[in-house]
Structures are given as structure tokens and as C-alpha cells.
2 protein chains.
Amino acid sequence: MKLRRVTSKQVAERAGVSQTTVSFVLNDAPNSNISEETRQRVFDAARELNYVPDMAARNLARGRSNTIALILIKPHEKVFADPYIPNVISGLNHVAKANGLRILVHQVETLTGTSQLDAVSDLLRSGEAAGAIISGWMPEVSEVAQPLLDDGYPLVLLDIPDAPIEAIPCVSIDHLSGVRELTQYLIELGHRRIGCITYGPMTDLQVQKRLTMFRETLRIANVPIIPEFLRLGAYDPDSGYAAALSLLDMDEPPTAIYCMNDLMALGAIAAIHERGLRIPEDVSVVGYDDMRFAPYTVPALTTMRAPESELGERAGELLISLMNKKTRKFKQQVLRSQLIVRNSCGVVR
Amino acid sequence: MKLRRVTSKQVAERAGVSQTTVSFVLNDAPNSNISEETRQRVFDAARELNYVPDMAARNLARGRSNTIALILIKPHEKVFADPYIPNVISGLNHVAKANGLRILVHQVETLTGTSQLDAVSDLLRSGEAAGAIISGWMPEVSEVAQPLLDDGYPLVLLDIPDAPIEAIPCVSIDHLSGVRELTQYLIELGHRRIGCITYGPMTDLQVQKRLTMFRETLRIANVPIIPEFLRLGAYDPDSGYAAALSLLDMDEPPTAIYCMNDLMALGAIAAIHERGLRIPEDVSVVGYDDMRFAPYTVPALTTMRAPESELGERAGELLISLMNKKTRKFKQQVLRSQLIVRNSCGVVR
DNA sequence: GCGCTTTAGTAATGCGTATTACTACAATAA
DNA sequence: TTATTGTAGTAATACGCATTACTAAAGCGC
């Protein structure tokens, strides 16, 4: 189980120098005066013995770990329900590798309950990770984050819904603008009866805000907000299907359906076909996420694409700058989503 | 940047005991005789000071880290192209949490080149992770894995193509049986002209074996193997679309198209519709993966579902047993995929 | 009242590295 | 010649915990 460790001491012995010298050479210490010849001896000895520094010892001595934590606060089954987090990891991985850092992925269901709150806090305070990125906003997050930030712990929050806490470094995708843009697009096409399929739980701040923005955009454009046109889905195609059916079966159904994500839009499209209606002639549909199947729905789905991988990169960069600089200065960054117009929307007749 | 650490020494001071006692109490050491009263004092002091053990120090002292590494050997853009890895992480996360372990995700493009090979080897030999799961098979993997295993390092390989190296602990999904089952299903429906859209690179052993199995199944059933019916896609819908078009435009096109994954099947379905053909009356289609959109293609896609999350769980369990037990005994495990019959296949006319 | 065991702890050490403070020697400057 | 500055290293220590070896006091049988 336990590998026989080769220590720097053994390397030193073999090279006929002190352990200090080994450390100096292998870390290329700035003010060490080691002759080229000795350096070579150390390198050779290290290679011959297949020396690999013990990370625990190094971290302890340096007082800093070489990993950053990605904390995912989201119910188990939802973390990887869509490519959002994978894409973030992908981007983060990129900058982590460039900086010689490891990524620790830690998923936790929620933060209600002191024990879970402490679990996250302890993970970071234990020094396991030299910094952390927290994804998944809820009010309790700031309870964890603020004390850590006050202590100078490098922390970056991901995707805080608008009105961000000023003092917290964060990188977000401006989903609210995305929602507005998408809604306006429907309005510009002449739709005035716009259904909406959102998803729960309604305690999710992100979802709430998006819904509010949807309504607000309608209001500003003087498009009637019809409460009966709102459906609560469950994130997945089946729920979108059911919700769409119930919308279509109304006496005066909507001419457009705004789906809060592509998966539900997928179900909605099936429902519309099932009722013998045409897209977009009879009903327009939009989704959100631009998942891989979106170009291949029939007709191809108009949706919003978020720069998720870039989000991960930016978050990583910000975190690293916080880790390196004494300064606690930072700027909150906001990335914009992109409207992907395909064929699922048409002008209202 | 650096949190002011609370050390066990400070806790000891506050509780009026020795550091040893603090360690004994907080770790609930088996043969320590500490009175209930003293225990309480220690607990109180620890809580009051908000003490969190330093993980680097703990790991060093214990000689073992509390994290396990998930090594992903796959090109950057393909790691998260489908939910395979996310699902594995999901399952792995489950058992990791139950065992108080962290997950370190390390992605590396390939293993050609000594530097990359060493990077992985060093990560594990550095003791950063107490064990590792390696996903992404290529011959070089065993170059990394074998020496580590010989040294007793706990290692589990994921999804080695059949004919596994006997001496290596691994957990796999039996994709070859999946391919056979799917192919046989088409044959049983009477298809004798079966096109195949595979994906590259052809150096990928997994892909090669699957293709071989596809052909072998045809051969055994005396179904002609028509080389012109083979297309090399690029994993994504667009390539499936193009490949399918070129199959359909042949003088004597296939009556069924076997797609090596759902994404390409998605494109193929679009191509079939584009040529004005009906599914499954004119052409049958199968995919592989059972991605979320599969029930909602038109018609719903018949495909193969792999127990990916379970794969992660099993791998985690096996790894943990290797980490705990002195014994190096293990059993290679193979999980079966499940045929999901929907509506994209019909009997040949 | 003597040895023996149990109870309730503590002192000391080790883990493997990074780093600080020091040394021996040579080269140079005054 | 002597003081000064490099040069090329080394010895010693810190990092914070776990753990082993030890101790002082109390309990107990006889």
C-alpha cells in the first residue's frame, strides 16, 4: 500500500551533498550559489533514484497547497444534468494546468444545516486547497464565504444572480440579459401571448430572477402578463412535454413558448407536434443553453448560448491572481450569453 | 492570503492539556485513556477557537493523503463532450463522500511523450492522492500503471477494452456485448444491408474493438459485410449527418444505419428526413449512449444505455478496498449495458 | 506495605520538505 | 597584510500533526 518513498535526503546522499543543496537545486532557488557541476550531480542522482517530492511535506513546509477547490452546491442529480459544470471544469482545468495547480471537485447537496456549511468551510480552512471557486448560489453561501474572505482566503464565486455582493470576487454569466434578449426577440416577432415553462424549486434565486426578468421585459413592452401561461417544469424533457401540452390545450393558447432550458424545449417541441401544430407557423419556441442537440431539433431550436468554458477560465484566472497578489483587489466580471437564432421562431400571424 | 492558523497546540493550551491529548481526543484514538471531563474541555476549546486540523500536516504525519485522483486521458474537448465522465464523477463522488475522501480531477491530453507520462506518474508518486482511477485506455497507460501497481499503489482502471490485462484491477462496461446486442437486434429485424457510422481516431482501441465486434456479429449471422457501408464520423451530429447522407445517396443504400453514438445518430436522423425517407419504414437507425435527447428524436431513438454512474461507484469501491486492505486481491468487474428499444427500428420490408 | 496493574495523561520524536542562519574558503580591494 | 566581499555550500530549524514511549498517581490483591 505504502510506496517506499525516495526522499530528498537519499538523493543528497547519492549526490554527495546536503539535503539543503538538493532542495535548492531542484527548486531552482534564487539566491543559492550552487556550481553547475554540483547541480548536475543532483539532477543525475534524482533521476537515477526516480525521486518525486512528497507533496504533503512540501505543502506543509511551504504553508500552501497546490490545489484549488471547485465547490459545487447543487443537488447530486443536477450537478451534471447539463454540460454547464463540465464546461466550467474544462475551462478551469486549462488555467489550472498552466499554473501547476490541481483541481479538487467537491460537491455538496445544499448548505442548509450547519454540518454541511461547516464541511465546506473546514475543507477550505484545512488548507487542503489554496483557493476555491464556489458554484451554486444561495444565501448561505455568503455565510461561508464572507468569513473566509475576511481572513484573506482566496475565493471566487460563480454566477451570483445580479445585484452581487460588492465585496465578493465573482465571475458571472449575465443570464438576465440573456433572458431579456430572448424575450425581446419573441416580442419583436409580434408575439403577445407568450407562455413560459420554468423549473423549480422556486426557492432557487437564479430561477426566480430569470422569471422576474421575463415578466419585466413583457411589462416594459406592454405585452400582457398572463398568469395562466406560466408552467413549472422539472428541468427535464418530460416535464417540458407535459407543461407544453397543458399550455396548448388552453382555450386561447400562447403563440410562443419560452422554455427556461433546452431540455424542456425539447419536450415542448414534441408536444407541439403531437397536437398537430407547426413550428414556427403556429407556435414559436425558444430554449436556453444551446445544448448539442439544439441544432437538430425539428425545426432547429433558437436558444441562448452561455460562455461556460470561458467562465471557468476567467474564474480560474481571477482566483490565481487573488492567490498570488497581496492585494485583495479584484473586479467582478460579467460574461454575456449569445442569442443563437435558428428556425423555431416566426412572426406571429 | 495566509489564514492565521489555529493549531492543535493552541487548543491544547486553552484546554490546559498537552497537544498529544488534543490529538487523541479529536481523533478518538483507540487506546488513549482520556477522562470524559478532559475530553469535553478539549472539544470546547477546539470549538471556541474554531480549530480545523491542517491537512498537509495531517497527511504528512499519517503518511497518507485523503484524496483520490481521477485521471482522465482524453483530448481536452472530448472529456466532457458527453455525460460519460460527468456520470462517472457523480458515482465516484458518492462513495468518496461516504468515505471522507476528496476527488482530484486531472485531465491530460494523451500519454505519448515522456513528459506527460511522467506528469501522471509523478502526481501519483508524490502522494498527493492515496489512490487513483484512470479513465481512457491506451497502451501507454500500462506503462504508467504497472510500475505503480508493482509498488503497491492502489489503482483502478476504467473501461479497458476486453482482453484486459489480468493483473490490473479494473471496472469496465461491456460495450462489446452492447455492440453485439444492438447489431443482433438489427439482424433479427431482417436487415442485411447495414451501414455503420463510426468515429475516429482509428487508433482508439475502444473504437477499433467495437467495429470489429460489429463486423464479427454480421459475419457470424451470415450478413454480408459491405466495406462501402462504413463511414468514419467525428463524434458529433454534423459528421453523422454528412456520413448518413453519403450512405443514403449510394445506388443501393443500406436499410439500417448503425451509429456508434447518439450524437451521430441525431445527425443521421436529420439526413434521412432530408432525403424524404421515413424512419423506420425506409431506414432504421440505432445509436449508443442513450443521451437525454434520445427519447425525443423523431422517432424516438433505439440505443444502448451504459451504467456510467454505477461504473464510477464500483470503481470507487474497488479503489477504496485496495487502499484499505493489505491484500492486493481484487476482482475485475464488468457491467452490462442495456438495450433501450424505442421507435427508430423496424422490420425490413 | 509491597509489587502489580490500570488510569490519565505527557514528552519526545518522526513525517519530508523549505528556508534561514551560518561557515569555510577563495578572491579581491585597500 | 588585513579587511571585505563573494562563492559554494551546510547545519539547524520550522511546518503542524500523529504516534510511540514513557511517567506519575491511584487502585488492588495479599
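Refer to the structure above for everything that follows.
Quick caveat: nothing in here was measured; it's all calculated off a predicted structure.

Engineer: Would you mind going over the nonpolar core with me for this structure?
Structural biologist: Nonpolar side chains tend to gather and get buried jointly when the protein is soluble and globular. Counting 100 residues, the largest nonpolar core has Ile197 and Tyr258 of chain A together with Ile197 and Tyr258 of chain B as its most contacted members. With residues up to four places along the chain from it excluded, the contact list for Tyr258 of chain A reads Val179, Leu182, Thr183, Leu186, Ile194, Gly195, Cys196, Ile197, Phe214, Val286 and Tyr288 of chain A. Membership of the second largest hydrophobic core comes to 60 residues, among which are Leu92 of chain A together with Leu158, Ile173 and Leu319 of chain B.

Engineer: What is the right way to read the relation of the copies chain B and chain A from this model?
Structural biologist: Both copies of the chain are related through a single rotation about an axis accompanied by a shift along the same axis. Superposition of chain B onto chain A requires a rotation of 180° combined with a translation of 0.0 Å along the rotation axis, giving an RMSD of 0.0 Å. Within this description, the copies of the chain are treated as partners about a two-fold rotation axis. Here 100% of the interface residues in chain B have copies in chain A that are interface residues too; the copies meet face to matching face.

Engineer: I tried to follow the pairing of strand β3 (residues 131-135) of chain A on my own but got confused; where do I start?
Structural biologist: Looking along a regular strand, one sees side chains alternate from face to face of the sheet. All names here are of chain A. Most of β3 is tucked away, with 5 of its 5 residues classed as buried. With burial as the criterion, each face of β3 is covered, one bearing Gly131, Ile133 and Ser135 and the other bearing Ala132 and Ile134. Here strand β1 (residues 67-73) runs beside β3; their pairing, made up of 5 bridges, is parallel. Directly across from Leu72, in β3, lies its bridge partner Ser135. Running through helix α8 (residues 139-150), the crossover from β3 to the neighbouring parallel element strand β4 (residues 155-158) is right-handed.

Engineer: Hey, could you run me through the interface of chain B and chain A in this one?
Structural biologist: Quoted interface sizes are often the accessible area lost when the parts come together. Contact with chain B, which involves 60 residues of that partner, is made by 60 residues of chain A. Between chain B and chain A the total buried area reaches about 5200 Å² when both faces are included, carbon and sulfur atoms providing 60% of it. The tally of links from chain B across to chain A stands at 4 salt bridges. The closest approach of N and O atoms between Glu109 of chain B and Lys97 of chain A, which form a salt bridge, is 4.0 Å. In this structure, the connection of chain B to chain A is made through 20 residue pairs in polar contact (both at pLDDT 80 or more).

Engineer: Could you clarify how one ought to interpret helix α6 (residues 84-98) of chain B in this entry?
Structural biologist: Because each turn of an α-helix spans 3.6 residues, side chains separated by three or four positions in sequence point in the same direction. All names here are of chain B. Here α6 is 15 residues long and its end C-alpha atoms lie 22 Å apart, about the 21 Å a rise of 1.5 Å per residue gives. Counting buried residues in α6 gives 11 out of 15 residues, a clear majority hidden from the surface. Along α6, the residues classified as buried are Tyr84, Ile85, Pro86, Val88, Ile89, Ser90, Gly91, Leu92, Asn93, Val95 and Ala96. Once α6 ends, the next one or two residues include Gly100, with phi positive near 65°.

Engineer: Can you walk me through the protein's contact with DNA strand C in this structure?
Structural biologist: In the vicinity of DNA strand C, 24 residues are found, and the nearest of them are Ser8 and Arg58 of chain A together with Ser18, Thr21 and Ser35 of chain B. The protein-proximal atoms of DNA strand C, defined as those within 4 Å of the protein, are 52% sugar or phosphate. The contact in question runs from a phosphate oxygen of DNA strand C to an N or O atom on the side chain of Ser18 of chain B, over 2.7 Å. Thr21 of chain B has a polar side-chain atom sitting 2.3 Å from a phosphate oxygen of DNA strand C. Counting residues per element, the ones that place at least two in the surface near DNA strand C are α2 (19-27) and α4 (55-62) of chain A together with α2 (19-27) and α4 (55-62) of chain B. Counting residues per element, the surface near DNA strand C draws most heavily on α2 of chain A, which supplies 5 residues. Partitioned by chemical class, the residues of the surface near DNA strand C number 9 nonpolar, 12 polar and 3 charged.

Engineer: Would you mind going over helix α3 (residues 36-49) of chain B with me for this structure?
Structural biologist: Residues and elements named next belong to chain B. Between the first and last C-alpha of α3 there are 20 Å, a value that for 14 residues agrees with the 20 Å anticipated at 1.5 Å per step. For α3, the full list of buried residues reads Thr38, Arg39, Val42, Ala45 and Ala46. Buried residues of α3, viewed axially, fall in a sector of 130°; they line one side. More than 90 degrees from the buried face of α3, the exposed residues found are Glu36, Glu37 and Arg47. Where α3 is buried, its residues meet α1 (8-15) and α2.

Engineer: I would appreciate a short explanation of the protein's contact with DNA strand D in the present structure.
Structural biologist: Looking at DNA strand D, there are 25 residues lining it, with Ser18, Thr21, Asn33 and Ser35 of chain A together with Ser8 of chain B nearest. Sugar and phosphate atoms represent 53% of those atoms of DNA strand D found within 4 Å of the protein. At 2.6 Å from a phosphate oxygen of DNA strand D is found a main-chain nitrogen or oxygen belonging to Ser8 of chain B. Gln19 of chain B places a polar side-chain atom, nitrogen or oxygen, 3.3 Å from a base nitrogen of DNA strand D. Listed by contribution, the elements that provide at least two residues to the surface near DNA strand D are α2 and α4 of chain A together with α2 and α4 of chain B. The dominant element in the surface near DNA strand D, judged by the number of residues it contributes, is α2 of chain B, at 5 residues. Each residue belonging to the surface near DNA strand D can be placed in one class, and the counts come to 10 nonpolar, 12 polar and 3 charged.

So, how was this worked out
Residues numbered from 1 in each chain as written. Chains lettered and ligands numbered in written order. Predicted model: local features only at pLDDT ≥ 70, side-chain atom pairs only at ≥ 80, totals over all residues. Heavy atoms only, no water. Core = buried A, V, L, I, M, F, W, Y, C linked by side-chain atoms within 4.5 Å. Buried < 20%, exposed > 50% of the residue type's maximum accessible area, 1.4 Å probe, protein only. Contact = heavy atoms within 4.5 Å. Least-squares fit on C-alpha atoms with pLDDT ≥ 70 in both. Helix = DSSP H or I, 4+ residues; strand = E, 2+ residues; numbered from the N terminus. Pairing = 2+ DSSP bridges. Right-handed = clockwise from strand over helix to strand, strands pointing away. Buried area = accessible area lost by both parts, 1.4 Å probe. Salt bridge = Lys/Arg side-chain N within 4 Å of Asp/Glu carboxyl O. Polar contact = N/O pair within 3.5 Å; in protein donor to acceptor, adjacent residues only side chain to side chain. Expected span 1.5 Å × (residues − 1). Near = heavy atom within 4 Å. Nonpolar A, V, L, I, M, F, W, Y, C, P; charged D, E, K, R; others polar. Arc of directions from axis to C-beta.

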